[in-house]
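# Examination of the molecular architecture
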Amino acid sequence: MKSLNQVSPAGNYRDVVFNASDWVDAYVSTGAARTFTKTTDYPAEAEVVVFSATGNFYVNFAGGTAAAPAAHVTDGTGSVLNPTSRYVRGMSSFSVFAPAGTIVTMAFYTVQ
């Protein structure tokens, strides 16, 4: 059986199983996108976010407003559907969109 390891961007092996986070945000969608800003909505030292939700949601990590596509998006500005975890190191914010009533949780971590 393979071990639960992955290679980090620095080339080091890391555990894939996350510890319990000491910073979790919960977003109850009103049907409008919301921007989460570093230091205002989550810690400045956060490097990874792990998402979970009660339904589909979209995240834009490129500085735009998250949205469900109404047509083809072929210019690189689309939002990611149901991301699991992402590095947020170096980002100042990201935008989340979900249908009204959807709950999206975000657990933040540092990388050691």
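Our structure's up above, just so we're on the same page.
Helix and strand content of the protein: zero helices and ten strands. Ordered by position from the N terminus, the helices and strands of the protein form the series β-β-β-β-β-β-β-β-β-β. Buried residues in the protein amount to 30% of all 112 residues. Here the analysis covers contacts within the protein between residues at least 6 apart in sequence; of these, 73% occur between residues at least 24 apart. Counting every atom, the protein has about 7000 Å² of accessible surface; 53% of that belongs to carbon and sulfur.

A separate point is the sheet that holds strand β5 (residues 48–53). Note on sheets: strands pair through backbone hydrogen bonds, and any given pair is parallel or antiparallel. Strand order across the open sheet formed by four strands is β3-β10-β5-β8, with antiparallel pairing between neighbours. At either end of the open sheet lies a strand with only one pairing partner, and these are β3 (24–28) and β8 (85–87). When strand polarity is set aside, the average angle formed by the axes of neighbouring strands in this sheet is 20°.

It is worth spelling out the pairing of strand β9 (residues 93–97) at this point. Of all five residues making up β9, four are buried, and the element is well covered by its neighbours. Pairing analysis gives four bridges linking strand β4 (residues 34–37) to β9, with the strands arranged antiparallel. Looking across to β9, one finds that Phe36 is bridged to Phe94. Two strands pair when backbone bridges link them, and strand β6 (residues 58–60) and β9 are joined in this way by three bridges, in the antiparallel orientation. Looking at the pairing, Tyr58 lines up with Phe97 of β9.

Counted according to the given criterion, the structure contains two salt bridges. Among the salt bridges present, the one from Asp41 reaches Arg34, with a minimum N-O distance of 3.3 Å. When its relative accessible area of 16% is taken as the criterion, Asp41 is described as buried. A salt bridge links Arg89 to Glu47; the nearest nitrogen and oxygen atoms lie 3.0 Å apart. Taken together, the residues Arg89 in the loop between β8 and β9 and Glu47 in the loop between β4 and β5 connect sequence positions 42 residues apart.

What follows covers the nonpolar core. Counting 16 residues, the largest nonpolar core has Phe51, Phe94, Val96, Val104 and Met106 as the members making the most contacts within it. Looking at this core, the elements that each hand over two or more residues are β5, β9 and β10 (103–109). Beyond its immediate sequence surroundings of up to four residues, Val96 is in contact with Tyr27, Ala32, Ala33, Arg34, Phe36, Phe57, Tyr58, Val59, Ala66 and Val104.

Turning our eyes to something else, we now look at the environment of Ala98. Residue placement: Ala98 occurs in the loop between β9 and β10. Ala98 sits in the buried class, given a relative accessible area of 0%. On a C-alpha basis, the gap between Ala98 and Gly31 in space is 6.0 Å, while along the polypeptide they are 67 residues apart. Excluding residues within four positions of it along the chain, Ala98 makes contact with Ser29, Gly31, Asn56, Phe57 and Val104.

What counts as what
- Residues numbered from 1 in each chain as written.
- Predicted model: local features only at pLDDT ≥ 70, side-chain atom pairs only at ≥ 80, totals over all residues.
- Heavy atoms only, no water.
- Helix = DSSP H or I, 4+ residues; strand = E, 2+ residues; numbered from the N terminus.
- Buried < 20%, exposed > 50% of the residue type's maximum accessible area, 1.4 Å probe, protein only.
- Contact = heavy atoms within 4.5 Å.
- Areas by Shrake-Rupley, 256 points an atom, 1.4 Å probe, with all protein chains shown as cover.
- Pairing = 2+ DSSP bridges.
- Axes fitted to C-alpha atoms, helices over the stretch in contact; angles between N-to-C directions.
- Salt bridge = Lys/Arg side-chain N within 4 Å of Asp/Glu carboxyl O.
- Core = buried A, V, L, I, M, F, W, Y, C linked by side-chain atoms within 4.5 Å.

Interpretation note: all reported values are geometric properties and have no functional meaning in isolation.
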